[in-house]
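Below are the chains, spelled out letter by letter.
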2 protein chains.
Amino acid sequence: MTQRLTTTAPDFAAAFTDLVDARREADEDVSRDVTAILKAVRANGDAALADYTQRFDHHDLNVTGWAVTAAETRAALDTLSTPLRDALELAAARITAYHEKQRPVDSDGVDSAGVRLGARWSAVDAAGLYVPGGRAAYPSSLLMNVIPAKVAGVQRIAMVTPTPNGEINPLVLAAAQIAGIEEIWRVGGAQAVAALAYGTDRIAPVDVITGPGNAWVAEAKRQLYGVVGIDMVAGPSEIVVVADGRNNPDWIAADLLSQSEHDPTSQSILFTDDAAFADAVDRAVDGRLGQLATEKVARASWAANGAIIIVRDFDEAMPLVNRLAAEHLELAVDDPDALFAKVRHAGSVFLGRMTPEAVGDYVAGPNHVLPTGRRARFSSGLSVLDFMKRTSFLSLNDAAIRAIGPAAVALAQAEGLPAHAASVSLRLT
Amino acid sequence: MTQRLTTTAPDFAAAFTDLVDARREADEDVSRDVTAILKAVRANGDAALADYTQRFDHHDLNVTGWAVTAAETRAALDTLSTPLRDALELAAARITAYHEKQRPVDSDGVDSAGVRLGARWSAVDAAGLYVPGGRAAYPSSLLMNVIPAKVAGVQRIAMVTPTPNGEINPLVLAAAQIAGIEEIWRVGGAQAVAALAYGTDRIAPVDVITGPGNAWVAEAKRQLYGVVGIDMVAGPSEIVVVADGRNNPDWIAADLLSQSEHDPTSQSILFTDDAAFADAVDRAVDGRLGQLATEKVARASWAANGAIIIVRDFDEAMPLVNRLAAEHLELAVDDPDALFAKVRHAGSVFLGRMTPEAVGDYVAGPNHVLPTGRRARFSSGLSVLDFMKRTSFLSLNDAAIRAIGPAAVALAQAEGLPAHAASVSLRLT
């Protein structure tokens, strides 16, 4: 069972505000620990990495090896079942095709004042990818992080991943092989992020670090923001489903549970204009829960953070949906485009009854690294642009500096910056 | 006098590495103070703002007024001299024209598998602009921050600025009037950033905060990154000039000093292949320094952080220039495009002998908020994109889910996520 809200109830506004403001992100105070780890890796490099790996992952890098070998990744791919290999390759091809359309366009032109103006995009030299060990080691996440970097034209991609007791998920290695990653280090945690940012004798520094991780990894990225570029802070996964009564309740129940099963802090919310359908979905969720291998997590999430919200109509729903600014938004209605036109904030939108969110997690093409925790108000999913930067440029000739230079001189003088003024005025005489 | 390096010297590699690695950013430990201020504003809202303003800016907001009135901004513009008003209006028009070309293009199409895929860009609802008080209160910075937000289509722009003893720079107000800012709060420091991020009774929260500030403001933005979007961490200004011997040494001296006069931590570096020209520039800098109202700052910066680097030729210079990844790069040669083709990292590039960097600070059009401290390796100048976010979308019909759904099911099962698999497989039966 989950909580049920109805917009006609007198306490709805307050209850919905509580839902919007509920904090599901852990407030673990790891910042002091992380600061110490970053400092140690910066000072002692590989020796610090070996120490932390021994302490946290219980293996000796000088015995197990610092890097995963090319033979290991090739072997992981070779032992994969054909359907799984085909699925990963289809996913990689479709993700590549979608991201290729994100490549930005340069500009270069001369305006009416004779000023040549433009912008040129280029890839960063090197990107670092964090891949978690254990339960959350998803080959799909690896593809979603690496492919935008490859499409951007990044020449070097360095992956780091913890290998507790020396063990590594072969599915992740197979995905790395498909994605063409040639540099994989057996280090994890804040220490691995520090190594990527500062560099060590073995690991050359990178310019951008992306990829999911635990609270230590997230805090390390936050502290190193500015030393390197990072992707947006990631919180628990979430889905909002807007569905009328003409949907199959079992399908919608599965969609809701596909987020609930990620983590007890995940959130799944259904908006519907049909109270009987709401009952049917609630029953279907209860029925499905017992069949899931992920039952414990999904049940905890659905009970603590799930919600079913009964609205008079979808015109009433959409402003509420926008306040939630969800990572994933399904519009399971006959005319989803009419509702989509009213969406102001969402990470990714799934249009119509045959577009379950999970298809976007794997093979559709758009990135599944998306803003959570209402951050879709101001941020976007991972893209090719996260691995590129733009250089603006400018060229003036005699006529152009005569046209716009005097205004620059006036403003520089007004701001009390005489050398700025002189650098222009000298060229005007 | 400044330091002189020569690539043919035996110790050049080490000396240049020192120059690249030199840290010019203050390491002020303000993080604990800032954490306390953010907490107080979050808990006590306007009361905390009034307290801090009394303590730091020495005026009572309930007496001086919380907001600058529309009459005040209009009056500031009306009292401006005509040349200065014309200069600000030319700057605003040209900055607007340049940024309008940055508006991103949406995509929407159906691929060969029958999957509809796209991306839609939209503006954030509200942006907050920090404008410093005192010496660094530059109307040009106000325009450079507000105009991209306006071009993005941001509906609400809230400006905050400290008014020590209640006083405000009329030139900044005039620029605010030209830029069409209608909401200006007389608060500054970390407390103002907190108010913009969390909201108070008077000040509604925003989604993105940009604009320069002191160490407290920068740390507040850093701590609130994720609650809101922010612009990149900004450090001391810097310029690299690549010039052959056929330049006027006095012009190049003025260009170098235009960065040196910003702050003692600013950096100006000349690369030239002509030792006699290097001497002439050095002399010209010394000569100009004594004439500057900003002499003290410029002299300190040039002595501590300036450098003249003699190279054999510009092929040798460009890899060194790329290691510096400078905020501003002037290429004062006959064929600047040939050198520009070799530039991998720079915030903004100024091509040819008639393109002093200062023209870009004010009226050329490209943004002057640019990555500093080697961050051009991975980040870009402020743009329209900083005030927008992208929503990806997806739509499948029966045929499309049959084409790509089975691969999603296989991957979900392999990742141990049965509800993900079910949400797709139910629709395949």
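Residues numbered from 1 in each chain as written. Chains lettered and ligands numbered in written order. Predicted model: local features only at pLDDT ≥ 70, side-chain atom pairs only at ≥ 80, totals over all residues. Heavy atoms only, no water.

As named in an unreviewed UniProt entry, chain A is Histidinol dehydrogenase, taken from Sphingobium xenophagum. Here chain A is described in UniProt, under the heading Function (unreviewed entry), as follows: "Catalyzes the sequential NAD-dependent oxidations of L-histidinol to L-histidinaldehyde and then to L-histidine." Annotation of chain A in UniProt includes, under Catalytic activity (unreviewed entry), the sentence "L-histidinol + 2 NAD(+) + H2O = L-histidine + 2 NADH + 3 H(+)". (UniProt positions renumbered as here; feature names shortened; annotations may be inferred.)

Asks: Could you clarify how one ought to interpret the pattern of salt bridges in this entry?
Replies: Close approach of charged atoms allows side chains of opposite charge to pair. For the coordinates displayed, the defined rule picks out 42 salt bridges over all chains. Close ionic contact of Asp337 of chain B with Arg116 of chain A constitutes a salt bridge, the shortest N to O distance being 3.0 Å. Of this pair, Asp337 of chain B sits in helix H15 (residues 336-340) while Arg116 of chain A sits in strand S3 (residues 116-123), placing the two residues on different chains. Two residues, Glu316 of chain B and Arg312 of chain B, come together in a salt bridge whose shortest N-O distance is 2.7 Å. (Salt bridge = Lys/Arg side-chain N within 4 Å of Asp/Glu carboxyl O. Helix = DSSP H or I, 4+ residues; strand = E, 2+ residues; numbered from the N terminus.)

Asks: How should the domain arrangement of chain A be read in this particular structure?
Replies: Its domain assignment divides chain A into domain 1 (31-230), domain 2 (235-377) and domain 3 (396-428). The centre of domain 2 of chain A, based on its C-alpha atoms, is set 57 Å off from the matching centre of domain 3 of chain A. (Domains from an automatic or database assignment.)

Asks: Quick question: what am I supposed to make of the relation of the copies chain A and chain B here?
Replies: Comparison of the two chain copies shows a relationship of rotation about an axis with a shift along it. Placing chain A over chain B gives an RMSD of 0.0 Å and needs a rotation angle of 180 degrees, together with 0.0 Å of translation along the axis. Put plainly, the chains are arranged around a two-fold axis. (Least-squares fit on C-alpha atoms with pLDDT ≥ 70 in both.)

Asks: Any chance you could explain the packing of aromatic side chains here in plain terms?
Replies: Centre-to-centre distance and the angle between the planes together describe a pair of aromatic rings. Taken as a whole and judged by the stated rule, the model has nine aromatic pairs over all chains. Seen from their ring centres, Tyr52 of chain A and Phe56 of chain A are 5.8 Å apart, and the 10 degrees between their planes marks the pair as stacked. Here Tyr52 of chain A pairs with Phe56 of chain A, and both are found in helix H3 (residues 46-57), just four residues apart, close to one helical turn. Taking the relative accessible area as the measure of exposure, Tyr52 of chain A reaches 10% and is therefore buried. Joined through ring pairs, the aromatic side chains of Phe12, Phe16 and Phe271 of chain A make up one cluster. Lying over the aromatic face of Phe340 of chain B, Arg120 of chain A brings its terminal NZ or CZ to 3.7 Å of the ring centre. Taking the ring centre of Trp66 of chain A as reference, the NZ or CZ of Arg202 of chain A above it sits at 4.1 Å. (Phe/Tyr/Trp six-rings, centres within 6.5 Å; stacked < 30°, edge-to-face > 60°. Buried < 20%, exposed > 50% of the residue type's maximum accessible area, 1.4 Å probe, protein only. Lys NZ or Arg CZ within 6 Å of the ring centre and 35° of its normal.)

Asks: For this particular structure, what's the right way to read the nonpolar core?
Replies: Within soluble globular proteins, side chains that are nonpolar generally end up buried alongside one another. Counting 217 residues, the largest nonpolar core has Leu142 and Leu143 of chain A together with Leu142 and Leu143 of chain B as the members making the most contacts within it. Filtering out sequence-adjacent residues up to four positions away, Leu143 of chain B remains in contact with Leu88, Ala91, Ala92, Ile95, Pro148, Ala175 and Ala179 of chain B. In terms of nonpolar packing, the next biggest core, distinct from the first, is built from 30 residues, Phe393 of chain A together with Ala15, Val242 and Ala307 of chain B among them. (Core = buried A, V, L, I, M, F, W, Y, C linked by side-chain atoms within 4.5 Å. Contact = heavy atoms within 4.5 Å.)

Asks: Got a minute to help me understand empty space enclosed by the protein in this structure?
Replies: A probe as big as a water molecule, rolled over the atoms, marks out the empty space that is left. Counted by the stated rule, this structure contains six cavities of 30 Å³ or more. Taken as a whole, the largest cavity encloses approximately 70 Å³ of empty space. Tyr98, Gln102, Gly347, Asn367, Leu370, Gly381 and Leu382 of chain A together with Ala119, Arg390 and Ser392 of chain B are the residues that line the largest cavity. Among the residues making up the lining of the largest cavity, the classes are represented as four nonpolar, five polar and one charged. Volume-wise, the second largest cavity comes out at about 60 Å³. The wall of the second largest cavity is formed by Arg390 and Ser392 of chain A together with Tyr98, Gln102, Gly347, Asn367, Leu370, Gly381 and Leu382 of chain B. Counted by class, the lining of the second largest cavity contains three nonpolar, five polar and one charged residues. (1 Å grid on protein atoms, 1.4 Å probe; cavity = no way out; pocket = protein on both sides within 12 Å on 5 of 7 lines; lining within 4 Å. Points joined across faces, edges and corners; volume = space filled by probe spheres on them. Nonpolar A, V, L, I, M, F, W, Y, C, P; charged D, E, K, R; others polar.)

Asks: What is the right way to read the UniProt feature "binding site: Zn(2+)" (unreviewed entry) in chain A from this model?
Replies: All names here are of chain A. Under the feature "binding site: Zn(2+)" (unreviewed entry), the UniProt entry names Gln259, His262, Asp361 and His420. The annotated residues occupy 162 residues of the chain and do not converge on a single region, their most distant C-alpha atoms lying 56.0 Å apart. Tracing the backbone through its elements, the reader meets Gln259 in helix H11 (residues 249-260). At a separation of 2.2 Å, a polar atom in the side chain of Gln259 contacts the side chain of Ser237. Secondary-structure assignment places His420 in helix H18 (residues 418-425). (Polar contact = N/O pair within 3.5 Å; in protein donor to acceptor, adjacent residues only side chain to side chain.)

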